[in-house]
Amino acid sequence: MEERKVILESKNISKYFHEPSTFQVLKEVSFKAYEGEFLTLVGKSGSGKSTLLYCLSTMDTDYGGELYMLNEKITGQSPDQLSDLRNQSIGFIFQFHYLLPEFTCLKNVMLPALKLKKYSPKEIEERAYEKLVALDLHEQALKPASKLSGGQQQRVSIARALINDPKIILCDEPTGNLDSKNTQIVFDIFKQLSTENNQTIIAVTHDNDFAKASDRTIEMSDGKILINGKL
Amino acid sequence: MKNPNLEIAFTHIVARKKQTLIAALGVTIGLSVYLFMNSLTSGFERFQTAETFKSTAHIKIYKDDERAKALVSSGNVETMIVNPQVVNSSKELINPEQLVNSVKKEPYITQAIMQVDFAAFYNKGTAQVKGTSNGVNIVDYNAMFNTQKYMKAGTIADLQNNKNGIILGSGIADKLGVRLGDNISVASSVGVTKNLEIVGIFELGSSMVDNGTSYVNISTAQQFLKESPFFVNTIYANTIDYNKSTEYMHSLQQLTSYKVEDWKVINADILAGATTRKMMFGSISFAILVVAAFGIYNILSSTISQKINDIAILKATGYRGSDVIQIFLTEALIMGLMGSIMGILLGSLLIYLLQHVYVGGPVGYFPIGFEIPIIAQSFVLGLLFTVLAGFFPAKKAANVDPVSIFRK
């Protein structure tokens, strides 16, 4: 079997919640995520899967253990370094879309790229439009984000997550708010991203069918990894 | 637009036109009151200074009353005076010509004149008015105080040509019921009485001066005091900058043992009043500006509470804390800029309106004007306050923890 490239690695990640009383939510979680892998995180409510996702996201820095991205240590970097890392290498998709309501769909997609400044604003606009075309949203491009349906908003947020061609895409219940038709659309997009673009997708989900169809599933229970493999 | 932070800020501003306008209006009102009140104080102060210099020179040199020494020693005998009093000596300045010349040589002195002042009693029939008469060289005096401008009747040249002439303050003329060309009897405190012809009547607008002061020729004044033609008791000097008069006063004191006083000492009470007024108006207008800044603080704080999801998503997608601060500071700055510009327009309108209010008396129209330094100061203060008021909510926004928002 060929050696696969490790994109993200957690080493003994532990985390405590102190409110209302001290409670260990993650217990020395270690795992690796590989390039082009479609990984799902499942588990009961309170099992720590979302908490783990936010530790991986670099937004939550209050944990024990170490986190590596492309063999580079992430743990302990400054907030500004982490911001730049998120901007460049991580895409986010949330359950509740979280688009900026005053902006058009196109602008929402462009915002992370405008921050990265890798391309000129004109190029960014073209690239953002391409992403919307790929997700069959080009007709909505100039509508305000607040005027779109839930499924459309979720696809816009996927386009936004993809705009900077990140290595990793993190999703928190990406289909939790969608009907089965839209869930299928989102799933197909993820599948395509991992196989065609070699992007790593890590998604927290409650949807067993969704998890079963992914490359690998990690099931969490009481802050530990219970099962790690293909369902 | 190159900078996405600015674009986000502008989008927020446009999407919340009403709140933006309200915040800006707060600044507008605060700033216009600040500008108006400070222009008022400044205008009035300038008016008052001008009033002061109608009859007061920047520097006055005279011989002060001297108290007898309490302890006198002659040989080995020590004499102590238990109630030392003012020595009743002459007020004469010795060798005044030389003193005036040395004063005039100082680079900061523009003019210096000699004068003979005496307490005078103006009599007409049984009516008597008490006051001070100034024995002057009226041409030099006019060069310093611009007396001709305030003449209601006659000219200053008439005094120069008439050794027995007198120019009266309008208040004295009214009280005595005399007119130009009439004769009045003037007596001095040492008992000299002369009949003088009224060659001019002036009105400065200051009742203290108009009701007691008159001008005669310097030789006439010397006769009133029974003094020699060399007698002079006061020297007045003007300087290039009346604000620095204290400095010049100390410098001039090196030249002479006589008392040197500047206008600030002579008018200490008026200046203290002006300072108090300035502080009062200053603190009131400042407080109004602070209240306006709180308006910005409030509105920005509520914007941030409502936009907390947007802030979280921006931070998740790689916007730094400093970007978030820039976004909200830009919003504060736009509100402040709009408010400040409108405030200066409104303040200027108030000034313009007050300029056309006739107060009457010696003041005439209200002494208020457009002063660029005050306008600039108001503008800078307005912006500074809004940026300060915006900084704290912006800092709060920068510290938003996105995880806590997403996990709700």
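Here, the structure is the one placed above.
Residues numbered from 1 in each chain as written. Chains lettered and ligands numbered in written order. Predicted model: local features only at pLDDT ≥ 70, side-chain atom pairs only at ≥ 80, totals over all residues. Heavy atoms only, no water.

### Regarding the packing of aromatic side chains
Each aromatic ring pair is described using two quantities: the centre-to-centre distance and the angle formed by the ring planes. Put simply, the test is: Ring pairs are drawn from Phe, Tyr and Trp, using the six-membered ring of Trp, whenever the two centres fall within 6.5 Å, and their geometry is named by plane angle: stacked under 30 degrees, edge-to-face over 60, tilted for the rest. Counting from the N terminus, the helices are DSSP H or I runs at least four residues long and the strands are E runs at least two residues long. We count a charge as sitting over a ring when the NZ of a lysine or the CZ of an arginine lies within 6 Å of the ring centre and within 35 degrees of the ring normal.
Counted according to the given criterion, the structure contains 21 aromatic pairs over all chains. Aromatic pair B:F53 and B:Y242: ring centres 4.9 Å apart, planes at 55°, arrangement tilted. Remark: B:Y242 occurs in the loop between strand 11 (234-239) and helix 9 (245-253) and B:F53 occurs in helix 2 (residues 17-55); sequence separation between them is 189 residues. Cluster of aromatic residues (ring-pair linked, three or more members): A:F38, A:F187, A:F190 and A:F210. For the cation-ring pair, A:R4 lies above A:Y34, with the distance from its terminal atom to the ring centre recorded as 4.5 Å.

### Re empty space enclosed by the protein
Gaps left between atoms are located by rolling a probe of water-molecule size over the structure's atoms. Convention followed: A cavity, in this analysis, means grid points on a 1 Å lattice covering only the protein atoms where a 1.4 Å probe fits yet has no way out; a pocket is instead an open set bounded by protein on both sides within 12 Å along at least five of seven lines, and a residue lines either one if it has an atom within 4 Å of a point. Grid points are joined across faces, edges and corners, and a volume is the space filled by probe spheres set on the points. When residue character is reported, Ala, Val, Leu, Ile, Met, Phe, Trp, Tyr, Cys and Pro are called nonpolar, Asp, Glu, Lys and Arg charged, and the others, Gly included, polar.
Counted according to the given criterion, the structure contains 5 cavities of 30 Å³ or more. Computed from the structure, the largest cavity encloses a volume of approximately 80 Å³. Around the largest cavity, the lining residues are A:R86, A:N87, A:I90, A:G91, A:F92, A:P112, A:R160, A:A161, A:I163, A:N164 and B:T317. The set of elements that each furnish at least two residues to the lining of the largest cavity consists of helix 2 (79-89), strand 6 (90-93) and helix 5 (150-162) of chain A. Sorting elements by how many residues they give to the lining of the largest cavity places strand 6 of chain A first, with 3 residues. Counted by class, the lining of the largest cavity contains 5 nonpolar, 4 polar and 2 charged residues.

### A look at the pattern of salt bridges
Our working rule: Put simply, a salt bridge is a Lys or Arg side-chain nitrogen that is within 4 Å of an Asp or Glu carboxyl oxygen. Any residue under 20% of the maximum accessible area for its type is buried, any over 50% is exposed, and the rest in between are partly exposed; the area is computed with a 1.4 Å probe on protein chains only.
In total, this model carries 17 salt bridges over all chains according to the counting rule given. In this structure, A:K115 engages B:D323 in a salt bridge whose closest nitrogen and oxygen atoms are separated by 2.7 Å. Separated into two different chains, A:K115 in helix 3 (residues 105-116) and B:D323 in helix 13 (residues 321-355) make up a pair that spans both. For B:D323, a relative accessible area of 7% corresponds to the buried category. A salt bridge links A:K131 to A:D165; the nearest nitrogen and oxygen atoms lie 3.3 Å apart. With a gap of 34 residues between them, A:K131 in helix 4 (residues 121-134) and A:D165 in the loop between helix 5 and strand 7 (168-172) connect regions that are remote in the sequence. Overall, A:D165 belongs to the partly exposed group, its relative accessible area being 38%.

### Looking at unusual backbone geometry
Excluding glycine, a negative phi dihedral is what most residues carry, and trans is how most peptide bonds are arranged. All names here are of chain A. Going from E19 to P20, the amide bond is cis rather than trans, its omega being -5°. Inspection of the secondary structure assignment puts P20 in the loop between strand 1 (6-17) and strand 2 (23-34). Although it is not a glycine, L70 sits at a positive phi angle of roughly 50°. With respect to the helices and strands, L70 occurs in the loop between strand 4 (64-69) and strand 5 (72-73). In this structure, E173 is a non-glycine residue whose phi angle is positive, near 50°. Relative to the elements of secondary structure, E173 occurs in the loop between strand 7 and helix 6 (180-196).

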